[in-house]
Amino acid sequence: MTASAPQITIRDLRTIDELDQLKAVEKEVWGMADEDSLPMTVAIALKAAGNIFLGAFAKDKAGKEKMVGFAFGFLGREHGQTTIHSHMLAVLDAYRHLDLGAKLKHAQRERTLAMGVHEMTWTFDPLQSRNAHFNFAKFGVVSDTYKIDFYGPETSSVLHRNGTDRLWVRWLLNSRRVRDRIAGKSAGSRAETLDALRLLKPLVRFDGKGQPARAELAEALRRERVSIEIPGDILAVEKTDVALAREWRDATRWAFRESLKAGFFVAEYCRSLRGQQGPGAYLLQRGPLADFIAG
Ligand SMILES: CC(C)(COP(=O)(O)OP(=O)(O)OC[C@H]1O[C@@H](n2cnc3c(N)ncnc32)[C@H](O)[C@@H]1OP(=O)(O)O)[C@@H](O)C(=O)NCCC(=O)NCCS
């Protein structure tokens with residue numbers, strides 16, 4: 001498969017040398033300490049046992065290949081079904097916004113379906129607007145599970161200096177929602193999401209000064225839908241004001257946990273609520289997740 005950017009190819013990793021190149025990408029993207037990166041012996045065994053390792057390779061002028069992104073997922077068993085849990089997806093900074101992340105995800109989906117597996121799961125930090133857009137808007141994931149400090153209170157990843165809370169997302173590979181989303185038929189649902197968000201008083205709101213303002217919980221949870229706003233760029237907030245980033249973590253952790261506990265699930269994310277640089281918002285909906293994804 002050839003990606004739209006010239007000279008970039010996405011393919012399964014085949015050799016120990018190719019698996020070895022994962023480390024350099026992991027280091028550059030997450031700044032991971034050696035003890036937190038995927039050990040080679042484990043990678044080799046996982047690959048040999050049939051798990052999915054995909055690489056995106058760019059060719060330099062001399063024709064030499066370099067890994068510029070990868071996706072890695074392993075088999076899991078969740079709610080009585082076999083799943084692929086996508087543990088890592090990364091694209092080097094210089095190769096971002098070329099749709100490579102999406103192409104790696106599509107290739108992972110194809111491999112997973114070919115194995116007879118119909119669901120992928122993964123986790124992401126719900127304060128990261130880029131990932132929220134990538135996961136919900138581009139791929140149509142859903143979530144009803146919030147994990148507090150999933151990897152422990154601290155990690156060596158430079159992208160995660162504000163705890164390791166995660167949303168556990170489900171990608172129902174053959175559902176109509178997902179097929180429509182990856183076919184680019186999302187304009188209708190985006191407009192509907194924006195309309196719904198405009199009518200709601202957020203449970204956590206990005207106030208005029210960039211701080212999280214909490215709404216009255218009982219009142220918000222009486223409705224059929226709830227919204228939770230996040231800053232457009234939490235990494236920039238972390239760099240300039242660690243305490244404010246922590247406030248955002250605490251407020252959004254509270255909002256997600258309370259609304260999921262009350263029977264809501266996370267259905268959508270819209271990144272440009274009030275102009276390009278403004279906050280984004282999640283839309284949560286009451287009701288059984290199973291009914292929503294069956295449609
Ligand atoms: C997530 C990642 C793999 C995406 O790679 P990529 O090749 O840039 O992905 P794509 O080009 O397919 O899509 C990126 C999308 O994010 C959007 N985006 C970029 N920055 C954004 C931001 N600050 N807020 C909201 N959306 C943002 C882009 O506009 C694009 O969406 P669009 O195609 O609808 O416009 C890459 O950013 C990465 O390696 N991040 C660090 C590691 C990571 O977070 N891994 C994933 C864990 S779930």
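Source: prediction; values computed, not measured.

*Asks:* Tell me about the overall build of the protein, and please be specific about residues and values.
*Replies:* Counting its secondary structure elements, the protein contains 11 helices and 12 strands. On the principal axes, the C-alpha backbone points of the protein span a range of 60 × 45 × 35 Å. The burial tally for the protein puts 36% of its 295 residues in the buried class. Intrachain contacts of the protein at a sequence separation of at least 6 include 67% that bridge at least 24 residues.

*Asks:* Any chance you could break down the site of the ligand for me, citing the residues and the numbers?
*Replies:* Surveying the vicinity of the ligand reveals 21 residues, the closest of which are Arg96, Gly101, Ala102, Phe124 and Arg130. Put simply, the parts of the chain that give the shell around the ligand at least two residues each are strand E4 (81-91), helix H4 (100-114), strand E5 (119-124) and helix H5 (129-138).

*Asks:* Account for the nonpolar core, with residues named and values stated.
*Replies:* Formed by 64 residues in total, the largest nonpolar core has its most connected members in Leu54, Ala56, Phe70, Leu104, Ile228, Tyr282 and Leu284. The contact partners of Phe70, leaving out residues within four places of it in the chain, are Leu22, Val25, Leu54, Gly55, Ala56 and Ala90.

*Asks:* Quick rundown of unusual backbone geometry? Include the residues and the values.
*Replies:* For His97, which is not glycine, the phi dihedral falls at a positive 65°. Looking at the secondary structure, you find His97 in the loop between E4 and H4. A count of 10 C-beta atoms within 10 Å places His97 in the exposed class.

*Asks:* Describe in detail the confidence of the model for the protein, supporting the description with residues and values.
*Replies:* Averaged over all residues, the pLDDT of the protein equals 92, while 96% of them reach at least 70. Low pLDDT, under 50, characterises residues 1-5; the predicted model gives this stretch 14 contacts beyond four residues in sequence or across chains.

*Asks:* Tell me about H5, and name the residues and values.
*Replies:* Because each turn of an α-helix spans 3.6 residues, side chains separated by three or four positions in sequence point in the same direction. Of the positions making up H5, those classed as buried are Ser129, Asn131, Ala132, Asn135 and Phe136. All buried residues of H5 project into a common sector of 160° when viewed along the axis, lining one side. Just downstream of H5 lies Gly140, where phi reads positive at about 75°.

Thresholds, definitions, all that
Residues numbered from 1 in each chain as written. Predicted model: local features only at pLDDT ≥ 70, side-chain atom pairs only at ≥ 80, totals over all residues. Helix = DSSP H or I, 4+ residues; strand = E, 2+ residues; numbered from the N terminus. Buried ≥ 20, exposed ≤ 12 C-beta atoms within 10 Å, placed from the backbone. Contact = placed C-beta atoms within 7 Å. Near = placed C-beta within 6 Å. Core = buried A, V, L, I, M, F, W, Y, C linked by C-beta atoms within 7 Å. pLDDT = per-residue confidence, 0-100. Arc of directions from axis to C-beta.

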